[in-house]
Every structure is written in structure tokens, then in C-alpha cells.
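For reference, the chains in residue letters:
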Amino acid sequence: MLTLSVLDQSQICEGRTASAALKETTLLAQEADLLGYTRYWVAEHHASAALASSSPEVLIAHLAAHTKRIRVGSGGVMLSHYSAYKVAENFRLLEALHPGRIDVGLGRAPGGMPISTRALQEGKYTGIDRYPEQVDDLIGYLHDALPAGHRFAGLQAEPSIPTAPEIWLLGSSSGSSMIAAEKGLAFGYAQFFGVPDSEHSVHYYKENFKPSAFNDKPRILAAVYVVCADTEEAASRLAWSTDLFFLKLEQGRLLDRFPSLQTAEDYPYTEYDLQRIRAVRQRRIIGTPEQVKSKLLAMQKQYGIDEFMIVTMTHDFEARLRSYRLLAEAFQLQG
């Protein structure tokens, strides 16, 4: 059985505001809840004028309060910027408010440009990669399991509760998959990032996974970019906004809004631009419900996993809603 979830980057569309983008995120979360999607994760981005989700913990609290069944989480919290203790407090409080519905997805990337990283880490000593140690610390705080010799042994993350959020390590390369395998944690594979040879991270994780108190066998989800519409032509046209947005990102020229379809179609692409777009589309899933379902099932077989986190970015919010509705119908999800 294939499980479907949602990853939302809360894009601020051309002609609309950040408040409008967050309202759309809320409406989409409510729709995903009704349609039968399993999780709804929100991203963390810094100093990006086109993306509204800079604090996933705050947005998770809002979304969980406005939904009923769906699990809500971070995709992810960029742990290297923060104190593991404070992250544990945030997510324990979320779990206390919404028991059994909170996920903490952890990212290793900065989630922004170097200047925002410097601002986030101002005053911190960052000469050493402490991410694996931070993961251990977070586990200890969330499960009241700091070892006796720990530098903060006896410290408790409040509130004290009988449940804990699910921990997922997120990544598109072998670094995070190695840590997840070693610690017996669940792994979220960012397939839509398109990192060369990143499939190796999935195979490594499955082959080297060590059972733990959290998972007795490998547990993987893959985040994939999808646009689903009634016709292949309509889906392909809707995807042009994303094509332009990520083309400019690749070129190091961030757009201050997610472009409209008109802006994307009128852009003066070079032949090299079009080659890059065609290459990137090879790792995206764009088409009718039948085509999208077939490609997801093929990818499920390729990776040997049972959960996909669907990323759909379109300028037209109704088209975005319909994409998720068509996909839920194709897979007969039950709300």
C-alpha cells in the first residue's frame, strides 16, 4: 500500500502577499486532512522573499490547531542553527498540544544564503560539525534518555509528557542517510532536489540500517515534485512557473515572488535555459492522474519505499488544490 503525504514550502505568489500564502497553506492542510493524506510538513527557509515559512514550529502549531487527523511536522528544522534543547522544548510543547500528531524532521542544510546563516549562528562557535551530536541530544531530551555522563545529565525538556514526536532525518545525500542508518531513525529522501547519484543514499540507508527503539526496520519516505491535471498539456503548462523559479535559483538569482504562468511563459529563455529545464523535468512527475500514478508506482518499485511526500507548486491555488485532489482520487485515499 502506498502512503501519500504533503510537503509545503509556502511560496508567495506574484501579485499576492505572505499572509495570503500562509492562508493558502492553511487551506491546503485542511484539504489534505479531509482527503486522507498522512502527513503535512512545512519547510524552513531564511531570507527568501518568495517563501513564507521561516519558522516551521510556529506554522506547525497553527496548522495542527486547524486540522483534525493529519500528522503535522517540519520538513525540516535546520538543527545546526539551534540548541537541541530548545528544539526539544518546542516540539514537546507541540506534542503536548496535539498528542500523536507531531513529526520533527531534521535538516542539515542551512536553509538560506550564507548571510542568513551567519545571522542565525551569530555568537556561536561553528568550527566543528556537531550535527550528529545534536541529533543524539535531541533524542535524549525528547525521550528523557540523556546518558549519565552527558554534560547536561539530569536536565529535562518540559513539558514532561508520555508521548514523543516522530524523528525523521532529511537529506538528499549520503551524509544524512548514514546518520539515520547508524541511529536507527527514519529517513526522508529529498528526491526533488535532484542531487546527482543521490539514490545511493537510499540504498546505503537500507543496507546499513541498525534496528533501534524507534524503528525495527528501515523507514523511508521520498519527497517528489508533482503536478497533476486533467490533461498532460495542462499539467505541463502549470509547471512552467516552477521551471522558471528553480532556473533562477540555480543561476543564483532568487526571484522575490513565485512567478505567474504569464511571467513564466513570457520569459526570454535561452537555448541553454530550455535544456536545463528539460533536464530538470526528467526527475519531476507531471501529467494526468493515470500518468502520475503510474510514475509514482514505478518510483516506489525503484526505491523500495511505501511513502511519498508530494511537493506541488503552482501559481494558481485552485490548480494546486485540484492536483492534490486528483492524486487522492487516483490512489483512493480515505479521509
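Heads up: the structure comes first, above all this text.
Predicted model, so just to flag it, every value in this text is computed and none were measured.

J.: Any chance you could explain the packing of aromatic side chains here in plain terms?
T.: Aromatic ring pairs: the centre-centre distance and the angle between the two ring planes describe each pair. The tally for this structure, following the rule as stated, stands at 10 aromatic pairs. Centre to centre, the rings of Trp41 and Trp168 are 5.8 Å apart; their planes meet at 75°, and the pair counts as edge-to-face. In this pair, Trp41 is assigned in strand β2 (residues 39–42) and Trp168 in strand β5 (residues 166–171), connecting sequence segments 127 residues apart. On the accessibility criterion, Trp168 (0% relative accessible area) is buried. Note on Tyr205 and Phe209: the rings are 5.6 Å apart at their centroids and 70° apart in plane angle, and the pair reads as edge-to-face. An aromatic cluster of at least three residues, connected via ring pairs, comprises Phe187, Tyr205 and Phe209.

J.: Explain the pairing of β5 here, please?
T.: Consecutive side chains along a regular strand alternate between the two faces of the sheet. Extensive coverage of β5 is indicated by the burial of five of its six residues. In this structure, strand β4 (residues 102–107) lies alongside β5, joined through four bridges in parallel fashion. When the sheet's bridge partners are listed, Asp103 is paired in β5 with Glu166. Two strands pair when backbone bridges link them, and β5 and strand β6 (residues 186–189) are joined in this way by four bridges, in the parallel orientation.

J.: Is there a simple way to explain the pattern of salt bridges in this structure?
T.: Any two side chains of opposite charge can pair, on the condition that their charged atoms come close. Across all of its chains, the model carries 22 salt bridges by this definition. For Asp136, the salt bridge goes to Lys183, with nearest N and O atoms at 2.8 Å. Taken together, the positions of Asp136 in helix α5 (residues 131–142) and Lys183 in helix α6 (residues 174–183) put the pair 47 residues apart, joining distant regions of the chain. Members of the salt-bridge network, linked through shared partners, are Arg39, Arg71, Asp103, Glu166, Arg219 and Glu307.

J.: Sorry if this is basic, but what is going on with the nonpolar core here?
T.: Across soluble globular proteins, nonpolar side chains show a tendency to be buried alongside one another. Grouped together as the largest cluster of nonpolar side chains are 67 residues, with contacts concentrated most on Leu4, Tyr37, Tyr40, Leu106, Leu296, Phe308 and Ile310. Leave out the neighbours within four places in its chain, and Tyr40 touches Val6, Asp8, Thr25, Leu28, Ala29, Ala32, Leu63, Ile70, Arg71, Val72 and Gly73.

J.: Explanation requested: unusual backbone geometry in the structure shown.
T.: Most peptide bonds take the trans form, and the phi angle of most residues other than glycine is negative. Cis geometry marks the peptide bond from Gly75 to Gly76; its omega dihedral reads 5°. Its location among the elements puts Gly76 in strand β3 (residues 71–78). The amide bond that connects Glu158 to the next residue, Pro159, takes the cis arrangement and shows omega of 5°. Tracing the sequence through the fold places Pro159 in the loop between α5 and β5. Positive phi is not limited to glycine here, since Ala47 has a value of about 55°. Mapping Ala47 onto the fold places it in the loop between β2 and α2 (56–65). Judged by relative accessible area, which is 62%, Ala47 ranks as exposed. Here Gln332, not a glycine, exhibits a phi torsion of approximately 55°, which is positive.

J.: Mind showing me how you'd approach α2 here?
T.: For an α-helix the count is 3.6 residues per turn, leaving residues at separations of three or four pointing the same way. Those residues of α2 that fall on the buried side of the exposure criterion are Pro56, Glu57, Leu59, Ile60, Leu63 and Ala64. Buried residues along α2 cover an arc of 160° about the axis, so they all sit on one side. Those residues of α2 that are exposed and angled more than 90 degrees off the buried face are Val58 and Ala65.

J.: Would you take a moment to explain the side chain of Asn215 for this structure?
T.: Positionally, Asn215 belongs in the loop between α7 (199–208) and β7 (220–228). A distance of 3.0 Å separates a polar side-chain atom of Asn215 from the backbone oxygen of Gly184. Setting aside residues up to four positions removed in sequence, Asn215 forms contacts with Gly184, Leu185, Ala186 and Phe209.

About the cut-offs
Throughout this description, residue numbers start from 1 for each chain and increase along the sequence as written. Residue-level local features of this predicted model are given only where pLDDT is at least 70; pairs of side-chain atoms are given and counted only at 80 or more, and the full residue set underlies all totals for whole chains, interfaces and linings. Values shown for side chains rest on all heavy atoms present in the structure; no hydrogens or waters enter the calculation. Classification of ring pairs rests on two measures: the distance between centres of Phe, Tyr or Trp rings, Trp counted by its six-membered ring, which must be within 6.5 Å, and the angle between planes, read as stacked under 30 degrees, edge-to-face over 60 and tilted in between. The helix count covers DSSP runs of H or I at least four residues long, the strand count covers runs of E at least two residues long, and both are numbered beginning at the N terminus. Only protein chains enter the accessibility calculation, which uses a 1.4 Å probe; a residue whose area is less than 20% of its type maximum is buried, one above 50% is exposed, and one in between is partly exposed. Paired strands, as defined in this entry, are two strands with at least two bridges between them according to DSSP. Here a salt bridge means any side-chain nitrogen of Lys or Arg lying within 4 Å of a carboxyl oxygen belonging to Asp or Glu. Only buried residues count toward a nonpolar core. Its members are Ala, Val, Leu, Ile, Met, Phe, Trp, Tyr and Cys residues joined through side-chain atoms within 4.5 Å. The contact rule is simple, with two residues in contact once any of their heavy atoms fall within 4.5 Å. Note: the arc covers the axis-to-C-beta directions of the helix. Nitrogen and oxygen atoms within 3.5 Å of one another constitute a polar contact, given that in protein one can donate a hydrogen and the other can accept it, and given that sequence-neighbouring residues count only through two side-chain atoms.

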